[in-house]
Amino acid sequence: MKRLYSVFTGTGSYVPTKQIKNDYFHTYEFYDSTGEKLTTPNEEITRKFEEITTIAERRYAEDDQVTTDLALVASERALEAAGVEREELDYIIFAHNFGETKVDNVRMDVLPTLAARLKQKLGIANPSAVAYDVLYGCPGWIQAVIQADYYLRSGEAKKILVVGADVLSRVADPHDRDSMIYADGAGAAVMEARESDEPVGIMGHNSRSDALDYVNMLHMGYSYNPALAEKKDYYLKMNGRRLYQYALENVPKAIKAGLDKLQLHINQISKVLIHQANGKMDDAILSRLFKLYNMKDMPESIMPMTISWLGNSSVATVPTLLDLVTRRKMDGHDLKSGDNIVLASVGAGMNINSIVYRIP
């Protein structure tokens, strides 16, 4: 019996051209959370940082670019790959966390929505192309895909553009060592409804929100530099150790719960595309996931990674990774028809989600 499934028919991403290596931070003045200036040499700080996170470099937007500029490039590439006319879109769903960040203003700007601004930049006149934003932390793009899946499978929509973009470099406290984690970028995908006798595309998904005990692990706060803190501007702050432990304890269980719903085993998964937050954390998450199946050995090529050279671009990491693998721009990684893959993320809220997707 035929039924409707949601498939990605085109992907696109934009990786900013400004390459920021770790030595970029050697002239920074770092402070701890108490406002005390760190006396450790910055060369040692960046060396330890790379050991902990595996991040050697990241990408920043140019000064004349804003969040929707990055999203525009990724969206146009996705539309071109899908062969879809933009006026045919039923929805534009834009996942982000910090609005239209500008180089000279760290205040959040979300009016009008970024989806509306992107629709205008795409030149879409069709009023039936509904445009709205999703704020869900780093898992925002995956959550937007989950929403799109419901629209498509219900028959209410046929073609949806799902975008994830953030410019974290402008909301990161330059006096906080965690600022070295953050990066800028955009990823997008066109999703379409496809009728099929066999399951294809999005097979299922799973989400959870642990706000009661973990709501403030990622939050906005004043600069660690007391002089800058007097300006009362908000910057992205993170309780890194607690977040790391939370992710290790809960992300593997959330992914397994999603697979269990579909009665799938981890050995039936070809790739795990996970949010690029910390290289060693992602390795540990995958290891714990396999241990839940009493498996010690993991396939070497199951988890493609961009964190070492692109850093953490929040909602953009997973769609960018999907696009790079789809376009065969990741050495040793490709996707074949019939492959089952997992897309998963974790972030502010705290929120976790995952999708199981079968390549058409």
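Only a predicted model underlies this, so the values are computations on that prediction, with no experimental measurement involved.

Student: So what's going on with the layout of surface pockets? Residues and values would help.
Tutor: The space that makes up the largest pocket amounts to roughly 1,200 Å³. Around the largest pocket, the lining comprises 45 residues; the ones closest to its centre are Asp178, Ile181, Met238, Asn239 and Gly240. Where the lining of the largest pocket is concerned, the elements lending two or more residues are helix H1 (42–53), strand S9 (218–221), strand S10 (235–238), helix H7 (240–261) and strand S12 (340–347). Ranked by residues supplied to the lining of the largest pocket, first place goes to H1 with six residues. In the lining of the largest pocket, the residues fall into 24 nonpolar, 14 polar and seven charged. The volume enclosed by the second largest pocket comes to roughly 330 Å³.

Student: How would you explain the sheet that holds strand S5 (residues 130–134) if you had to name every residue and give the values?
Tutor: The mixed open sheet is built from five strands, whose spatial order is S1-S7-S6-S4-S5. A strand with exactly one partner marks an edge of an open sheet, and here the two such strands are strand S1 (3–14) and S5. Going across the sheet, the axis of each strand differs from the next one's by a mean of 20 degrees, ignoring polarity. Contacts from helix H2 (residues 67–82) reach S1, strand S4 (91–95), strand S6 (159–167) and strand S7 (184–196) within the one sheet, and its direction differs from that of S1 by about 125 degrees.

Student: Kindly report on a nonpolar patch on the surface, identifying the contributing residues and their values.
Tutor: Taken together, Met108, Val110 and Leu135 make up a surface patch of nonpolar side chains, about 270 Å² in accessible area. Among the secondary structure elements, Val110 is positioned in the loop between S4 and helix H3 (114–121). By relative accessible area, Val110 is classed as partly exposed at 34%.

Student: Go over the pattern of salt bridges with me, naming the residues and quoting the values.
Tutor: Across all of its chains, the model carries 20 salt bridges by this definition. Among the salt bridges present, the one from Glu100 reaches Arg117, with a minimum N-O distance of 3.8 Å. With Glu100 in the loop between S4 and H3 and Arg117 in helix H3, this residue pair connects regions lying 17 residues apart in the sequence. Judged by its relative accessible area of 14%, Arg117 falls in the buried class. Lys256 is paired through a salt bridge with Asp260; the nearest N and O atoms lie 3.1 Å apart. Note that Lys256 and Asp260 are positioned in helix H7 at a spacing of four residues, about one turn of the helix. Assessed through its relative accessible area of 39%, Asp260 is described here as partly exposed. Salt bridges linked by common partners bring Glu100, Lys102, Asp109 and Arg117 together as one network.

What counts, and where the lines are drawn
- Residues numbered from 1 in each chain as written.
- Predicted model: local features only at pLDDT ≥ 70, side-chain atom pairs only at ≥ 80, totals over all residues.
- Heavy atoms only, no water.
- 1 Å grid on protein atoms, 1.4 Å probe; cavity = no way out; pocket = protein on both sides within 12 Å on 5 of 7 lines; lining within 4 Å.
- Points joined across faces, edges and corners; volume = space filled by probe spheres on them.
- Helix = DSSP H or I, 4+ residues; strand = E, 2+ residues; numbered from the N terminus.
- Nonpolar A, V, L, I, M, F, W, Y, C, P; charged D, E, K, R; others polar.
- Pairing = 2+ DSSP bridges.
- Axes fitted to C-alpha atoms, helices over the stretch in contact; angles between N-to-C directions.
- Contact = heavy atoms within 4.5 Å.
- Patch = residues over 30% accessible without salt bridge, like charges linked within 9 Å, V, L, I, M, F, W, Y side chains within 5 Å.
- Areas by Shrake-Rupley, 256 points an atom, 1.4 Å probe, with all protein chains shown as cover.
- Salt bridge = Lys/Arg side-chain N within 4 Å of Asp/Glu carboxyl O.
- Buried < 20%, exposed > 50% of the residue type's maximum accessible area, 1.4 Å probe, protein only.

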